[in-house]
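The primary structure of each chain is shown beneath.
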Amino acid sequence: MRREWQSAAADIAHIPGVAILTHSITVAHTSSKFSPLAAEASTQDGLNVHCAVIDELHAHKKRDLYDVIDTARGAREQSLLWIDHDGRYRPQWHLL
């Protein structure tokens, strides 16, 4: 994760108004932020996301975090949920 974060930060560091913090990237004039979430679903209540990226979905043992993030998109008309996984079938839980 650290390498991806550093790469993303380096790509946008030159843009005026962008603040690169230790664990988030913010744009004050649009009230936007890009930040990783904890893996514990119970700590994510109250999210309101426009775009969410779930990486390595196949490694999730439960679908509770997926459900919280998916529900958090409900207030947005054109929200985006991007999911990355290795394509292997996981019989312990189903998303769709």
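For the structure, check the block above.
Read on for an overview of the structure. (Residues numbered from 1 in each chain as written. Predicted model: local features only at pLDDT ≥ 70, side-chain atom pairs only at ≥ 80, totals over all residues. Heavy atoms only, no water.)

Examining the overall build of the chain
Argument step 1. A tally of regular secondary structure across the chain gives two helices and five strands.
Argument step 2. For the chain, the α and β elements follow one another from N to C terminus as α-β-β-β-β-α-β.
Argument step 3. Here the chain holds 96 residues, and 24% of them are scored as buried.
Argument step 4. In the structure as shown, the chain presents an accessible area of about 7,400 Å², 54% of it carried by carbon and sulfur atoms. (Helix = DSSP H or I, 4+ residues; strand = E, 2+ residues; numbered from the N terminus. Buried < 20%, exposed > 50% of the residue type's maximum accessible area, 1.4 Å probe, protein only. Areas by Shrake-Rupley, 256 points an atom, 1.4 Å probe, with all protein chains shown as cover.)

Thoughts on a negative patch on the surface
Argument step 1. Taken together, the side chains of Glu4, Asp55, Glu56 and Asp84 define an acidic patch exposed on the protein surface.
Argument step 2. Note on Asp55: relative accessible area 46%, which makes it partly exposed. (Patch = residues over 30% accessible without salt bridge, like charges linked within 9 Å, V, L, I, M, F, W, Y side chains within 5 Å. Salt bridge = Lys/Arg side-chain N within 4 Å of Asp/Glu carboxyl O. Lys, Arg positive; Asp, Glu negative; His and termini not counted. Charge placed at Lys NZ, Arg CZ, Asp CG, Glu CD.)

Section: the side chain of Ser24
Argument step 1. Following the sequence through the fold, Ser24 ends up in the loop between β1 (18–20) and β2 (25–27).
Argument step 2. Taking the relative accessible area as the measure of exposure, Ser24 reaches 14% and is therefore buried.
Argument step 3. Not counting the four nearest positions on each side in its chain, Ser24 is found in contact with Trp5, Ala19, Phe34 and Ser35. (Contact = heavy atoms within 4.5 Å.)

Digging into a nonpolar patch on the surface
Argument step 1. Judged by side-chain polarity, Val53, Leu80 and Trp82 come together as a nonpolar surface patch covering roughly 340 Å² of accessible area.
Argument step 2. Secondary-structure assignment places Val53 in strand β4 (residues 51–54).

Distances and angles like these do not, on their own, reveal function.
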